[in-house]
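# Architecture and fold: a report
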Amino acid sequence: DSGVTQTPKHLITATGQRVTLRCSPRSGDLSVYWYQQSLDQGLQFLIQYYNGEERAKGNILERFSAQQFPDLHSELNLSSLELGDSALYFCASSVDSEFYEQYFGPGTRLTVT
Amino acid sequence: GDSVTQMEGPVTLSEEAFLTINCTYTATGYPSLFWYVQYPGEGLQLLLKATKADDKGSNKGFEATYRKETTSFHLEKGSVQVSDSAVYFCALSDPGGGATNKLIFGTGTLLAVQP
């Protein structure tokens, strides 16, 4: 158990809908990262927050957004969902933003039908 | 930009065989290198890491050495077990001036160990 929790574990929804994925980092970790794992794109970095502020952005679509709250949990919002958004979404956390390894949650499997 | 290339799988071995999974990288700065493992139906677990050239990371019988001259970080284990069956990801983190340690992953290598 990494100490990172993600909810829900599974999510099935229809095209055009909007969903919210939630992540709670390990106790004491200030940085949260979101990654997408899909068959065609592999594991891709989406976005990072550090202590409530956006720190880095990767291949994140404009239909996707995220935030980190004062209690350090984070939410990833996916809107206008398409079939191609079906993937595993992982959250990871680390103590700092630069030099500490990341610990991954179990992931949320999103299926868009 | 930065990238990681790892050998295509699947790799199928018999129990107690020697394992090598090749990984090479391209980076503009001085990256840290990682191996993560993903067991079926689970998230990624950090297996080992190395933060500078010639460092050797090791854990659970797995080893990898950071080779700057060949830009490689190959994963090895002397004697694999059935329980090692998983997908292995090589990754790098290259903060540079961006103050982020976002991970860049290879495509993953599926290892299947047969009894």
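Residues numbered from 1 in each chain as written. Chains lettered and ligands numbered in written order. Predicted model: local features only at pLDDT ≥ 70, side-chain atom pairs only at ≥ 80, totals over all residues. Heavy atoms only, no water.

### Focus: the interface of chain A and chain B
Facing the 21 residues of chain A at the interface are 17 residues of chain B. Both faces combined, the contact of chain A with chain B buries some 1,500 Å², and carbon together with sulfur accounts for 55% of it. Connecting chain A to chain B are one salt bridge. The class makeup of the residues in the side of chain A that touches chain B is 11 nonpolar, six polar and four charged. (Contact = heavy atoms within 4.5 Å. Buried area = accessible area lost by both parts, 1.4 Å probe. Salt bridge = Lys/Arg side-chain N within 4 Å of Asp/Glu carboxyl O. Nonpolar A, V, L, I, M, F, W, Y, C, P; charged D, E, K, R; others polar.)

### What to know about the pattern of salt bridges
Evaluated as defined, the whole model comprises eight salt bridges over all chains. A salt bridge links Lys52(B) to Asp55(B), with the shortest nitrogen-to-oxygen separation between them at 3.3 Å. A salt bridge links Asp84(B) to Lys77(B); the shortest N-O distance between them is 2.7 Å. Side by side, Asp84(B) and Lys77(B) carry an identical accessibility label, which is buried. Overlapping salt bridges, with partners in common, bring together Arg63(A), Glu82(A) and Asp85(A) in one network. (Buried < 20%, exposed > 50% of the residue type's maximum accessible area, 1.4 Å probe, protein only.)

### Regarding the sheet that holds strand S1 (residues 5-7) of chain A
Residues and elements named next belong to chain A. Read across the open sheet, the four strands follow the order S1-S3-S8-S7; overall the sheet is antiparallel. The open sheet is flanked by S1 and strand S7 (64-68), the only strands paired with a single partner. Each adjacent strand pair in this sheet contributes to an overall mean axis angle of 15°, direction not counted. Looking at chain direction, strand S3 (residues 19-24) and strand S8 (residues 74-78) are connected through five bridges and run antiparallel. Residue pairing across strands places Arg22 opposite Glu75, the latter belonging to S8. (Pairing = 2+ DSSP bridges. Helix = DSSP H or I, 4+ residues; strand = E, 2+ residues; numbered from the N terminus. Axes fitted to C-alpha atoms, helices over the stretch in contact; angles between N-to-C directions.)

### A few points about the packing of aromatic side chains
A full pass over the atoms with the stated rule returns 12 aromatic pairs over all chains. Pairing Tyr35(A) with Phe104(A) gives two aromatic rings, centres 5.4 Å apart and planes at 40°, and the pair type is tilted. Placement of Tyr35(A) in strand S4 (residues 31-38) and of Phe104(A) in strand S10 (residues 103-104) is noted, with a sequence separation of 69 residues between them. For the pair Tyr35(A) and Phe104(A), a shared accessibility class is recorded, and that class is buried. Each ring, one from Phe104(A) and one from Phe105(B), has its centre 6.2 Å from the other, and the planes form 75°; the classification is edge-to-face. On the criterion of chain membership, the pair formed by Phe104(A) in strand S10 and Phe105(B) in strand S11 (residues 103-105) is interchain, its members lying in two chains. For Phe105(B), a relative accessible area of 8% translates into the label buried. Members of the aromatic cluster, each reached through a chain of ring pairs, are Tyr35(A), Phe45(A), Phe90(A), Phe104(A), Phe34(B), Tyr36(B), Phe89(B) and Phe105(B). The side chain of Arg26(A) reaches across the aromatic face of Tyr103(A), ending 3.9 Å from its centre. (Phe/Tyr/Trp six-rings, centres within 6.5 Å; stacked < 30°, edge-to-face > 60°. Lys NZ or Arg CZ within 6 Å of the ring centre and 35° of its normal.)

### Focus on unusual backbone geometry
Pro8(A) follows Thr7(A) through a cis peptide bond whose omega is -10°. Tracing the backbone through its elements, the reader meets Pro8(A) in the loop between S1 and strand S2 (10-13). Note that the residue after Gly9(B), namely Pro10(B), is joined by a cis bond; omega there is -5°. Positioned with a positive phi, Asp54(B) is a non-glycine residue whose angle comes to about 75°. You can see Asp54(B) is positioned in the loop between strand S6 (44-50) and strand S7 (56-59). Owing to a relative accessible area of 54%, Asp54(B) belongs among the exposed residues under this scheme. A positive phi is found at Thr71(B), a non-glycine position, where the angle reads about 45°.

By themselves, these are just geometric observations and shouldn't be taken as functional.
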